[in-house]
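Commentary on secondary and tertiary structure
What follows is the residue order along each chain.
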Number of protein chains: 2
Amino acid sequence: MEKQAITIYDVASEAKVSMATVSRVVNGNPNVKAATRRRVLDVIDRLDYRPNAVARGLASKKTTTVGVIIPDVTNMFYSSLARGIDDVASMYKYNIILANSDENNQKEVQVVNTLLAKQVDGLIYMGRSISDELRSEFSRSKTPVVLAGSVDPDEQLASVNIDYVAAVKGATKQLLDAGNKKVALVTGPLTEPLSGKYRLRGYKQALDEAGIAYDESLVFETEYSYQAGLAVFKQIQKTGATAALVSDDEMAVGVLNAALDAGVQVPDDFQIISSNNTKLTQMTRPQLTSLDQPLYDIGAVAMRLLTKLMNKEGIDEITVRLGFDITQRNTTK
Amino acid sequence: MEKQAITIYDVASEAKVSMATVSRVVNGNPNVKAATRRRVLDVIDRLDYRPNAVARGLASKKTTTVGVIIPDVTNMFYSSLARGIDDVASMYKYNIILANSDENNQKEVQVVNTLLAKQVDGLIYMGRSISDELRSEFSRSKTPVVLAGSVDPDEQLASVNIDYVAAVKGATKQLLDAGNKKVALVTGPLTEPLSGKYRLRGYKQALDEAGIAYDESLVFETEYSYQAGLAVFKQIQKTGATAALVSDDEMAVGVLNAALDAGVQVPDDFQIISSNNTKLTQMTRPQLTSLDQPLYDIGAVAMRLLTKLMNKEGIDEITVRLGFDITQRNTTK
DNA sequence: CTGTTAGCGCCTTCAT
DNA sequence: ATGAAGGCGCTAACAG
């Protein structure tokens with residue numbers, strides 16, 4: 001593949017300077033006389049010279065690309081984060097290598113390895129839990145890592161997210177305050193810290209404060225998918241719950257549609273609060289009330305944080321928590 | 001960034017062979033005695049050696065990464081394509097550099113340039129139209145390019161898509177056959193070949209065959225967004241149209257919701273056929289009837305085609321057209 | 001089957 | 001302000 005015949009040498013000889021000088025102007029090194037700089041620049045675009053980033057990467061040990069592990073681009077929650085990441089990345093002249101992991105530990109480890117082999121300058125990880133193996137890959141490499149939209153229970157890894165306990169607590173409280181005695185919590189496997197540790201804790205706290213006993217049968221562990229949401233509704237219904245806090249938008253749309261399809265009036269007979277406030281929440285009828293996590297911002301801030309880490313700048317806080325809100329729509333009243 | 005101290009030399013000396021031999025075993029070259037191979041392999045994982053892909057790329061002139069230009073990852077149409085691309089890419093050991101373009105010509109050119117500077121082995125372009133400048137960037141680089149989910153009017157560039165004329169014609173015909181006299185076509189700017197050339201042609205052909213005169217006022221050019229769909233409905237209503245063929249799912253959800261919000265019965269008083277059959281179409285109530293383009297497959301096949309191109313294998317057809325269908329749901333009857 | 005030797009294209013001291 | 005020279009880590013002939 002002889003993509004680009006012309007190299008820094010061609011430019012140098014054409015401009016009658018040494019390649020060092022060409023390198024300098026290309027890299028904006030001030031130690032070049034204005035006249036020669038102009039001459040070089042001139043040759044550069046006359047020859048349509050384009051620095052070879054691979055060679056540059058080898059010599060400088062920087063690739064200006066970061067690896068991004070994403071469970072599934074097709075999921076709006078993650079693609080929103082990804083968009084924030086990419087925008088900030090390009091703002092700082094970085095590119096993103098995007099790799100889908102399907103939350104599969106093996107794939108993740110495998111992907112992280114090829115990413116490190118490609119000498120990415122940093123890594124952003126999205127996903128609900130980090131396997132020990134993955135964590136050890138992270139720690140033995142000196143490449144900075146930041147988690148976007150998820151938490152590290154040990155707070156060892158940098159991460160940006162929201163206060164999940166408080167968020168879930170707030171949403172649960174709203175549902176409780178609205179008079180619902182039985183509020184279902186629909187979430188992922190409790191073995192994941194996010195669901196099992198944070199969300200569940202927030203849920204229990206709200207229950208506690210309302211003086212309502214925790215009822216295990218009101219907690220539903222499922223897959224984060226539309227189908228799963230659709231399927232879980234009838235089980236929720238059996239418990240007599242009159243409201244549900246659902247941890248994912250697609251899932252929530254599933255729950256909502258199942259309710260509607262079953263002839264249940266929403267929000268009159270059943271209330272729903274979703275969790276991600278993606279575009280989806282506005283597309284349903286009735287529109288979904290939802291926790292509002294600033295997804296784009298989480299991605300953006302995560303990337304920004306990563307740039308600092310890559311730059312070895314001092315970071316005061318390794319974990320940044322962004323604010324959240326609850327956007328009231330029509331599945332609550 | 002001294003990420004990986006150990007190099008092929010370390011492995012070589014530790015295993016008491018030359019670096020060439022190490023290189024051979026790493027690259028699966030058969031010319032290595034089984035015994036030495038085992039010994040080298042042993043040292044490799046004892047030292048936790050990981051080949052530096054950048055150096056490899058410089059020496060071999062192959063980076064095993066391809067650039068992917070996407071308008072917006074957050075759009076399900078494109079993220080579905082992207083998912084297909086990534087899956088096949090990883091199947092062939094390639095990684096993807098994903099760059100959002102917002103369909104902005106300037107950004108596109110800029111991004112393609114940095115991608116080429118990074119020596120990607122190939123490029124996949126998604127987007128509705130290719131500016132002349134971009135096309136010229138493509139042609140003067142020897143890097144193979146394939147368009148995913150869009151057409152090249154000149155058929156110069158490799159591409160994979162569906163027969164848009166036939167698809168739109170078929171959908172329009174269905175609406176016409178159902179008794180609708182006035183069928184609206186909601187699409188993007190007619191200046192884009194996809195809308196102006198292909199979709200419009202299909203639409204007209206169906207009209208023709210049905211013996212109905214083409215009425216320009218039934219064609220709506222808008223942005224491909226939920227909001228735009230929401231907004232365009234009342235204009236459609238003014239024309240007295242009783243059905244619409246909408247070129248994007250988010251847009252279609254907008255049209256549907258606007259109709260619903262206006263108290264219009266769907267499909268009794270107004271029918272809708274959407275175009276991409278993404279998950280979204282199943283999430284609305286009523287569910288959207290939609291053209292079914294095999295988005296994931298388009299992405300997958302595009303990537304597969306690109307591997308062939310990168311491999312300099314002979315290609316018989318530079319443009320591959322996949323089959324399509326119309327998935328009947330509840331916005332038609 | 002294995003080792004030697006050139007590069008790949010660029011960055012980066014170190015001189016001048 | 002500019003040039004010379006030595007890598008960066010690996011692949012790829014070319015010998016043996």
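Just so it is clear, the model here is predicted, and its values are computed rather than measured.

Describing the overall build of chain A
- Along chain A, the regular secondary structure elements total 13 helices and twelve strands.
- Computed over the C-alpha atoms, the radius of gyration of chain A is 25 Å, more than 25% above the 20 Å expected from 2.2 N^0.38 for a compact globule of 333 residues.
- C-alpha extents for chain A along the principal axes are approximately 85 × 40 × 35 Å.
- In chain A, which comprises 333 residues, the share counted as buried stands at 58%.
- In chain A, the share of contacts with a sequence separation of at least 24, taken over all contacts with a separation of at least 6, comes to 71%.
- If you sum the accessible surface of chain A, you get close to 13,800 Å²; carbon and sulfur atoms cover 49% of it.
- Averaging the coordinates of the 38 positive side-chain charges in chain A and doing the same for the 40 negative ones gives two points 8 Å apart.

Let's talk about the domain arrangement of chain A
Residues and elements named next belong to chain A.
- As assigned here, chain A comprises domain 1 (8-51), domain 2 (65-162 + 295-324) and domain 3 (164-293).
- Look at where the C-alpha atoms of domain 2 and domain 3 centre, and you get two points 27 Å apart.
- Of the residues lining the interface, 17 residues belong to domain 2; the matching set on domain 3 comes to 18 residues.
- Across the domain 2/domain 3 interface, buried area totals approximately 1,600 Å², and carbon plus sulfur atoms make up 67% of it.
- The interface formed by domain 2 and domain 3 holds zero salt bridges in total.
- Taken together, domain 2 and domain 3 are joined by four residue pairs in polar contact (both at pLDDT 80 or more).
- Taken together, the elements giving at least two residues each to the side of domain 2 that touches domain 3 come down to α5 (76-91), β5 (158-162) and α13 (295-310).

A short note on the pairing of strand β2 (residues 95-100) of chain A
- Burial analysis of β2 of chain A places six of its six residues in the buried class, which makes it a mostly covered element.
- Of the two faces of β2 of chain A, the one holding N95, I97 and A99 of chain A and the one holding I96, L98 and N100 of chain A are both buried throughout.
- Of the pairings in the sheet, the one linking strand β1 (residues 65-70) of chain A to β2 of chain A comprises six bridges and is parallel in character. Across the sheet, I70 of chain A pairs through a bridge with N100 of chain A, a residue of β2 of chain A.
- Pairing of β2 of chain A with strand β2 (residues 95-100) of chain B, which is carried by three bridges, proceeds in the antiparallel orientation. If you follow I96 of chain A over to β2 of chain B, its bridge partner there is L98 of chain B.

Some points on the UniProt feature "domain: HTH lacI-type" (unreviewed entry) in chain A
- Under the UniProt annotation, the feature "domain: HTH lacI-type" (unreviewed entry) is placed at residues 6-60 of chain A.
- Taken end to end, residues 6-60 of chain A comprises 69% helix and 0% strand; its first and last C-alpha atoms sit 20 Å apart.

A short note on the packing of helix α10 (residues 226-239) of chain A against helix α11 (residues 249-261) of chain A
All names here are of chain A.
- Running from amino to carboxyl end, α10 crosses α11 at an angle of 40°, the nearest separation of the two axes being 6 Å. Judged by the inter-axis angle, α10 sits oblique to α11. By crossing handedness, the relation of α10 to α11 is classed as right-handed. Listed contacts from α11 to Y226, G229, L230, V232 and F233 of α10 are E250, M251, V253, G254, V255, N257, A258 and A259.

Points about the interface of chain B and chain A
- With 60 residues of chain B at the interface, the matching set in chain A holds 60 residues.
- The contact between chain B and chain A buries some 5,500 Å² in all, and 50% of this surface belongs to carbon and sulfur atoms.
- Between the two partners, chain B and chain A, sit twelve salt bridges.
- R140 of chain A serves as the salt-bridge partner of D48 of chain B, at 3.3 Å between the closest nitrogen and oxygen.
- Put simply, chain B and chain A have 31 residue pairs in polar contact (both at pLDDT 80 or more) between them.
- For the side of chain B that touches chain A, the secondary structure elements donating two or more residues are α4 (53-60), α5 (76-91), β2, α6 (105-117), α7 (132-140), α10 (226-239), α11 (249-261) and α12 (280-283) of chain B.
- Taken together, the residues of the side of chain B that touches chain A sort by class into 23 nonpolar, 18 polar and 19 charged.

Describing the pairing of strand β4 (residues 145-148) of chain A
All names here are of chain A.
- Of the two faces of β4, both are covered, the one formed by V145 and L147 as well as the one formed by V146 and A148.
- In the sheet, strand β3 (residues 122-125) pairs with β4 via three bridges, with the strands oriented parallel. Looking at β4, one finds that I124 is bridged to V146.

Details of the protein's contact with DNA strand C
- Neighbouring residues of DNA strand C: 25 residues in total, closest I8 and Y49 of chain A together with T21, R24 and K33 of chain B.
- Sugar and phosphate atoms represent 60% of those atoms of DNA strand C found within 4 Å of the protein.
- Within the backbone of S18 of chain B, a nitrogen or oxygen atom sits 2.8 Å from a phosphate oxygen of DNA strand C.
- Contributing elements (two or more residues each) for the surface near DNA strand C: α1 (8-15), α2 (19-26) and α4 (53-60) of chain A together with α2 (19-26) and α4 of chain B.
- Its residues placed into classes, the surface near DNA strand C shows 13 nonpolar, eight polar and four charged.

Rules used throughout
- Residues numbered from 1 in each chain as written.
- Chains lettered and ligands numbered in written order.
- Predicted model: local features only at pLDDT ≥ 70, side-chain atom pairs only at ≥ 80, totals over all residues.
- Heavy atoms only, no water.
- Helix = DSSP H or I, 4+ residues; strand = E, 2+ residues; numbered from the N terminus.
- Rg over C-alpha atoms; globule rule 2.2 N^0.38 Å.
- Buried < 20%, exposed > 50% of the residue type's maximum accessible area, 1.4 Å probe, protein only.
- Contact = heavy atoms within 4.5 Å.
- Areas by Shrake-Rupley, 256 points an atom, 1.4 Å probe, with all protein chains shown as cover.
- Lys, Arg positive; Asp, Glu negative; His and termini not counted.
- Charge placed at Lys NZ, Arg CZ, Asp CG, Glu CD.
- Domains from an automatic or database assignment.
- Buried area = accessible area lost by both parts, 1.4 Å probe.
- Salt bridge = Lys/Arg side-chain N within 4 Å of Asp/Glu carboxyl O.
- Polar contact = N/O pair within 3.5 Å; in protein donor to acceptor, adjacent residues only side chain to side chain.
- Pairing = 2+ DSSP bridges.
- UniProt positions renumbered as here; feature names shortened; annotations may be inferred.
- Axes fitted to C-alpha atoms, helices over the stretch in contact; angles between N-to-C directions.
- Parallel < 35°, antiparallel > 145°, perpendicular 65-115°, else oblique.
- Left-handed = near helix turned anticlockwise from the far one by under 90°.
- Nonpolar A, V, L, I, M, F, W, Y, C, P; charged D, E, K, R; others polar.
- Near = heavy atom within 4 Å.

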